[in-house]
Amino acid sequence: MKKGRTLTVTGKLTRADWNTNKYANYASQPVRLEFRKKDSSAYSMVKTVKANGSGSLKTTVKAVSDGYWRWKFTGTSTTAAIATTGDYVDVR
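Not measured: the values here are computed from a predicted model.

**Q** Just to check I follow, could you spell out the environment of leucine 13 for this structure?
**A** With respect to the element layout, leucine 13 can be found in the loop between β1 (6–12) and β2 (14–17). Linking leucine 13 and alanine 51, residues 38 residues apart in sequence, is a C-alpha distance of 6.9 Å. Setting aside residues up to four positions removed in sequence, leucine 13 forms contacts with Ala24, Asn25, Tyr26, Gln29, Val31, Ala51, Gly55, Leu57 and Phe73.

Written out as structure tokens, the structure is:
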């Protein structure tokens with residue numbers, strides 16, 4: 001990706017529904033978008049995005065340097081915290 005361009009990051013937040021034994025959308029929950037530079041081991045928070053009514057997540061950021069982007073849900077009293085595997089973006 002060219003440096004300075006807009007990167008669109010998407011995802012979906014779901015959780016287990018034990019009544020139906022399926023995964024269901026988890027709406028209106030805050031989820032953090034995090035970034036880790038290529039040669040770093042630590043992620044830092046970039047922004048918080050609220051899942052829409054269908055659990056979808058979408059935001060845009062500027063591509064500044066090579067690194068990994070991930071979503072991190074910090075959890076609630078009924079749902080455990082989880083983070084996605086980072087997706088690598090090569091910035092040129």
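**Q** What is the right way to look at the pairing of β2 in this model?
**A** Where a strand is regular, its side chains alternate between the two sheet faces. Sheet topology places β2 next to strand β3 (residues 22–25); four bridges connect them, and they run antiparallel. Bridging from a neighbouring strand, aspartate 17 pairs with lysine 22 of β3. Where β2 folds back on β3, the antiparallel hairpin that results is connected by four residues, among which asparagine 21 adopts a positive phi of roughly 60 degrees.

**Q** Can you help me understand the layout of surface pockets in this one?
**A** Over the atoms a probe the size of a water molecule is rolled, and this reveals where empty space is left. The calculated volume of the largest pocket comes to roughly 360 Å³. Along the wall of the largest pocket there are 21 residues; nearest its centre are Leu13, Thr14, Arg15, Phe73 and Ile82. For the lining of the largest pocket, the secondary-structure elements that each account for two or more residues are β1, β2, β7 (67–73) and β8 (82–83). Of the residues in the lining of the largest pocket, the class split is 13 nonpolar, five polar and three charged. The volume enclosed by the second largest pocket comes to roughly 160 Å³. Leu7, Thr8, Val9, Thr10, Trp69, Arg70, Trp71, Thr84, Thr85, Asp87 and Val89 are the residues that line the second largest pocket.

Criteria and thresholds
- Residues numbered from 1 in each chain as written.
- Predicted model: local features only at pLDDT ≥ 70, side-chain atom pairs only at ≥ 80, totals over all residues.
- Heavy atoms only, no water.
- Helix = DSSP H or I, 4+ residues; strand = E, 2+ residues; numbered from the N terminus.
- Contact = heavy atoms within 4.5 Å.
- Pairing = 2+ DSSP bridges.
- 1 Å grid on protein atoms, 1.4 Å probe; cavity = no way out; pocket = protein on both sides within 12 Å on 5 of 7 lines; lining within 4 Å.
- Points joined across faces, edges and corners; volume = space filled by probe spheres on them.
- Nonpolar A, V, L, I, M, F, W, Y, C, P; charged D, E, K, R; others polar.

Worth remembering: the numbers are spatial, not functional.
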